[in-house]
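Summary of structural features
Each chain, written out:
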Amino acid sequence: MVDHSAMCCLFAEALLDVGHPGAEEFVDQAAGFAEDSGELYAECEIHRLRARLLRRADAPVEASDDRLRQALDLAGVRGMRWHALRAATDLAAELIGQKRHAEAHDLLEPRCAAIDGGDGLGAVRRARELLDRFRDGR
């Protein structure tokens, strides 16, 4: 059961990615397991996925931004570069939508630089595609 919360997060993200219901239940289960067991590995992902759920529910953008910043702060404190990249990518995309391009670039660039390799991974490709948009002036 060590990876229970992480697996719940993976299932939740898959459901969110394809637009199916049920993601919130998996995030709730991950959060409950993490709280009951003291297992904190997936805590950053729980915040990031809650932000995605808030966006899907058309909640105020500040609410999802706050969740993403919590995820990013936790990942930074814990030295979790992968989780920081994922949270920074989601937050940068939101900032771009708010026309806050410089802030998005400054947030994402160092997190992207901290990941060696991974060019074939979707999260790394998505982060680098956002950075390329800045270089191309989009």
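Here the structure is shown first, and the text comes after it.
Residues numbered from 1 in each chain as written. Predicted model: local features only at pLDDT ≥ 70, side-chain atom pairs only at ≥ 80, totals over all residues. Heavy atoms only, no water.

1. Re unusual backbone geometry
The condition that has to hold: Secondary structure elements are taken from DSSP: a helix is a run of H or I of four residues or more, a strand is a run of E of two residues or more, and numbering for both begins at the N terminus. For every residue, the accessible area obtained with a 1.4 Å probe (protein chains only) is divided by the maximum for its type, and the residue is called buried under 20%, exposed over 50%, and partly exposed between those limits.
In the Ramachandran plot, Asp58 falls in the positive-phi region, its phi being about 60 degrees despite a non-glycine side chain. Here Lys99, not a glycine, exhibits a phi torsion of approximately 65 degrees, which is positive. By secondary structure assignment, the location of Lys99 is in the loop between helix H5 (81–97) and helix H6 (101–113). The exposure class of Lys99 is exposed, given its relative accessible area of 66%.

2. Points about the pattern of salt bridges
Put simply, the rule reads: Throughout this description, the term salt bridge denotes a Lys or Arg side-chain nitrogen within 4 Å of a carboxyl oxygen of Asp or Glu.
Counting across every chain of the model gives 13 salt bridges. With a shortest N-O distance of 2.9 Å, Arg48 and Asp90 are connected by a salt bridge. Of the two residues, Arg48 sits in helix H3 (residues 43–56) while Asp90 sits in helix H5, which places them 42 residues apart along the sequence. Pair check on accessibility: Arg48 and Asp90 agree, each one buried. Put simply, Glu103 and Arg69 hold a salt bridge, and the shortest N to O gap is 3.0 Å. Of this pair, Glu103 sits in helix H6 while Arg69 is found in helix H4 (residues 61–78), placing the two residues 34 residues apart along the sequence. A relative accessible area of 32% places Glu103 in the partly exposed class.

3. Side note on the packing of helix H1 (residues 4–18) against helix H2 (residues 23–37)
As a reminder, the rule being used: Only the stretch in contact is used when fitting a helix axis, every axis being a line fitted to C-alpha atoms; angles between N-to-C directions are given from 0 to 180 degrees. Roughly parallel means an angle under 35 degrees; roughly antiparallel, over 145; roughly perpendicular, 65 to 115; everything else is oblique. The crossing is said to be left-handed when, going from far helix to near helix, the turn is anticlockwise and less than a right angle, and right-handed when the turn is clockwise. By definition in these notes, contact holds between two residues if any of their heavy atoms fall within 4.5 Å. Amino acids are sorted into nonpolar (Ala, Val, Leu, Ile, Met, Phe, Trp, Tyr, Cys and Pro), charged (Asp, Glu, Lys and Arg) and polar (every other residue, Gly among them).
Relative to each other, H1 and H2 sit at 165 degrees, their axes nearing to 8 Å. Regarding the angle of H1 to H2, the classification is roughly antiparallel. Where H1 crosses over H2, the two elements pack in a sense that is left-handed. Of the residues in H2, those touching H1 at His4, Ser5, Cys8, Cys9, Phe11, Ala12, Leu15 and Leu16 are Ala23, Phe26, Val27, Gln29, Ala30 and Phe33. The residue inventory of the contact of H1 with H2, partitioned by class, reads 11 nonpolar, three polar and no charged.

4. Some remarks on the side chain of Glu94
Note the following rule: In the analysis that follows, any N or O atom pair within 3.5 Å is treated as a polar contact, provided that within protein one partner can donate a hydrogen and the other can accept it, and provided that, for residues neighboring in sequence, both atoms belong to side chains.
By the element assignment, Glu94 lies in helix H5. Residue Glu94 is classed as buried on the basis of its relative accessible area, which comes to 8%. Within the local environment of Glu94, its side chain forms a polar contact with the side chain of Ser64, the two groups lying 2.9 Å apart. Apart from residues lying up to four places away in sequence, Glu94 is in contact with Arg55, Val61, Ser64, Asp65 and Leu68.

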